[in-house]
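Chain and residue survey
Letter by letter, the chains look like this.
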Amino acid sequence: MKNLFPPINEQMDVIKRGAFEIIPEDELIKKLEKSLKENKPLNIKLGCDPTRPDLHLGHSVVLRKLAQFQELGHQAILIIGDFTGMIGDPSGRNSARPPLTFEEAKQNGISYFEQASKILHPEKTNIVHNSEWLSTMNFEDVIKLSSKYTVARMLERDDFTKRYKSGVPISLHEFLYPLAQAMDSVAIKSDVELGGTDQKFNLLVGRDIQREFGVEPQVILTMPLLVGTDGVEKMSKSMDNYIGIDETPKDIFGKTLSIPDNLIFTYFELLTDIPPIELNNIKSELSNPETNPRDIKRTLAKKLVEMYHDLDAANNAQEEFDRIFIKKGLPDDLKSFKLENDKNYDLLELIVEVGFAPTKSEARRLLTQGGVSLDSEKITDTKFQLRLEKEMILKVGKRNFIKLIP
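Residues numbered from 1 in each chain as written. Predicted model: local features only at pLDDT ≥ 70, side-chain atom pairs only at ≥ 80, totals over all residues. Heavy atoms only, no water.

The number of helices and strands found in the protein is 17 helices and 13 strands. Each principal axis of the C-alpha distribution contributes one length, and for the protein these read about 80 × 55 × 35 Å. In the protein, which comprises 406 residues, the share counted as buried stands at 46%. In the protein, the share of contacts with a sequence separation of at least 24, taken over all contacts with a separation of at least 6, comes to 70%. With an accessible surface of roughly 20,500 Å², the protein has 51% of that area assigned to carbon and sulfur atoms. Of the side-chain charges in the protein, 55 are positive and 63 negative, and the distance between the mean point of each set is 3 Å. (Helix = DSSP H or I, 4+ residues; strand = E, 2+ residues; numbered from the N terminus. Buried < 20%, exposed > 50% of the residue type's maximum accessible area, 1.4 Å probe, protein only. Contact = heavy atoms within 4.5 Å. Areas by Shrake-Rupley, 256 points an atom, 1.4 Å probe, with all protein chains shown as cover. Lys, Arg positive; Asp, Glu negative; His and termini not counted. Charge placed at Lys NZ, Arg CZ, Asp CG, Glu CD.)

Structure follows, in structure tokens:
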């Protein structure tokens, strides 16, 4: 019988790419060796509480790792946390997370999988809902489960420690969340559980609880949290620094070009499947002072559009960007400023309001010296009144651009 899996070293090269931590790595190698010997796939678990119905590239980091395990021949198990979503994951929170209703979690779960199918192989993915086993537990079961973990160990969790020391309330049900997630690992006998670095505590609890129930402990693999387009915070919709996997080609392309240069390599590594040799070439190019990072960023943007749409859409997005920005000399990260379309604006006051001059007198100086233009048309009238009926580009000086939108 033909073996389903590549050699161990090849599997480890794929598994370790972009991974932040594997605990413990030697156990993973043993599991892979056993899998190879018995020609039997490992159960790879990824749990998601569908708190929102839409996914962005930050979510894709762990989903892509799950897809890589699929391509290596292993069984991907996606757990929709319709039950745990009603508790609310406290990971990375400085306050209690608002719980979902059962119906909200169910509906979001459907949307989650539809979008995740752009990354995973749907026909090879086992979808389960943790309400299947958690909703059947009675109060006696919960007490027995709770007895297997101590409050002291719960307070080792950084989120809880900070909240406890600062006097922010911690509800008892939040202690139950990692235990409930651990029961998912028991129920499906997971060999490997994936998660972001903020999930490390939950994943380790899963190892402990599996032991308590006589199940071989899972290996945990954590992936970095993707920094958003602002270059500062973790990618999230609430921070408005996200790139949605369901967004238009134009938006994916444009938002990708707005990321800081220092994120280019990380995005290539975590968000694409380009071969290691190409990845090394990109690192070398980025370290070369003669390289224009925008050229590499455009390659990244085109690749991401192609992944979530198709090659034609990627080519069209690039052509549109070049037509609008490069040919007109506009920056990639062009900001927008909203104006009322039924109101006249004093141009000098507007220049100050958007932050391109500290005072009206300085704005007047820039204007009289020929440094102000609207849609490439130079403005020299110091009493110019702007009434916006369509999008326009305001340029002040050599480097200050802003898109005025009605």
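Before going further, it helps to spend a moment on the sheet that holds strand β10 (residues 377-378). Read across the sheet, five strands follow the order β7-β13-β12-β9-β10 without closing on themselves; strand pairing throughout is mixed. Unpaired on one side and paired on the other, β7 (336-338) and β10 mark the two borders of the sheet. Bridge count between strand β9 (residues 372-374) and strand β12 (residues 392-396): three bridges; the pairing is antiparallel. Within β12, the residue paired with valine 372 across the bridge is valine 396. (Pairing = 2+ DSSP bridges.)

The next point concerns the sheet that holds strand β4 (residues 125-129). Pairing between sheet strands relies on hydrogen bonds along the backbone, with the strands arranged either parallel or antiparallel. Reading across from one edge, β1-β6-β5-β2-β3-β4 is the order of the six strands in this open sheet, with mixed pairing throughout. For this open sheet the edge positions go to β1 (21-23) and β4, each flanked by a neighbour on one side alone. The average angle at which neighbouring strand axes cross in this sheet is 25 degrees, direction not considered. In this structure, strand β3 (residues 75-80) lies alongside β4, joined through five bridges in parallel fashion. The partner of leucine 78 across the bridge, within β4, is isoleucine 127. Its contacts with the sheet put helix α9 (residues 172-188) on β2 (43-48), β3 and β5 (192-196), and the angle it makes with β2 is roughly 150 degrees. (Axes fitted to C-alpha atoms, helices over the stretch in contact; angles between N-to-C directions.)

Here the focus is the nonpolar core. Within the largest apolar cluster, 60 residues are counted, with the highest numbers of intra-cluster contacts made by Leu57 and Tyr267. Filtering out sequence-adjacent residues up to four positions away, leucine 57 remains in contact with Leu226, Met235, Ile243, Ile245, Leu271, Leu304 and Tyr308. (Core = buried A, V, L, I, M, F, W, Y, C linked by side-chain atoms within 4.5 Å.)

The next point concerns the packing of helix α11 (residues 249-257) against helix α14 (residues 293-308). Interaxial distance between α11 and α14 falls to 9 Å at its minimum, and their mutual angle equals 150 degrees. Considering their axes alone, α11 and α14 lie roughly antiparallel with respect to each other. Crossing handedness for the pair α11 and α14: right-handed. Here Pro249, Ile252, Phe253, Thr256 and Leu257 of α11 come into contact with α14, specifically with Arg294, Lys297, Arg298, Leu300, Ala301, Lys302, Leu304, Val305 and Tyr308. Of the residues assigned to the contact of α11 with α14, the class counts are nine nonpolar, one polar and four charged. (Parallel < 35°, antiparallel > 145°, perpendicular 65-115°, else oblique. Left-handed = near helix turned anticlockwise from the far one by under 90°. Nonpolar A, V, L, I, M, F, W, Y, C, P; charged D, E, K, R; others polar.)

This brings us to the packing of helix α1 (residues 8-16) against helix α2 (residues 25-38). At a minimum axis separation of 11 Å, α1 and α2 run at an interaxial angle of 135 degrees. When the interaxial angle is binned, α1 and α2 end up oblique. Crossing angle aside, the handedness with which α1 passes α2 is right-handed. Contact with α1, carried on its side by Ile8, Gln11, Met12, Ile15 and Lys16, involves Glu25, Leu28, Ile29, Leu32, Glu33 and Leu36 of α2 and no other residues of that element.

Counted according to the given criterion, the structure contains 21 salt bridges. In this structure, glutamate 193 and lysine 45 form a salt bridge, with 3.1 Å as the shortest nitrogen-oxygen distance. Taken together, the residues glutamate 193 in strand β5 and lysine 45 in strand β2 connect sequence positions 148 residues apart. Assigned by exposure class, glutamate 193 and lysine 45 land together as buried. One salt bridge connects lysine 118 with aspartate 246, and the closest N-O pair in it is separated by 2.8 Å. Residue lysine 118 is located in the loop between α4 (102-116) and β4, and its partner aspartate 246 is located in the loop between β6 (219-223) and α11; the two are separated by 128 residues in the primary sequence. Accessibility expressed as a relative area gives 35% for lysine 118, which makes it partly exposed. Under the relative-accessibility criterion, aspartate 246 is labelled partly exposed at 48%. Here the salt bridges do not stand alone but share partners, grouping Lys31, Asp191 and Glu216 into one network. (Salt bridge = Lys/Arg side-chain N within 4 Å of Asp/Glu carboxyl O.)

So, on to α9. Here α9 contains 17 residues, and its C-alpha end-to-end distance of 26 Å stays within 8% of the 24 Å for a straight helix at 1.5 Å per residue. Along α9, 13 of the 17 residues are buried, which leaves the element largely enclosed by surrounding structure. Looking one or two residues beyond α9, the residue adopting positive phi is lysine 189, at roughly 50 degrees. (Expected span 1.5 Å × (residues − 1).)

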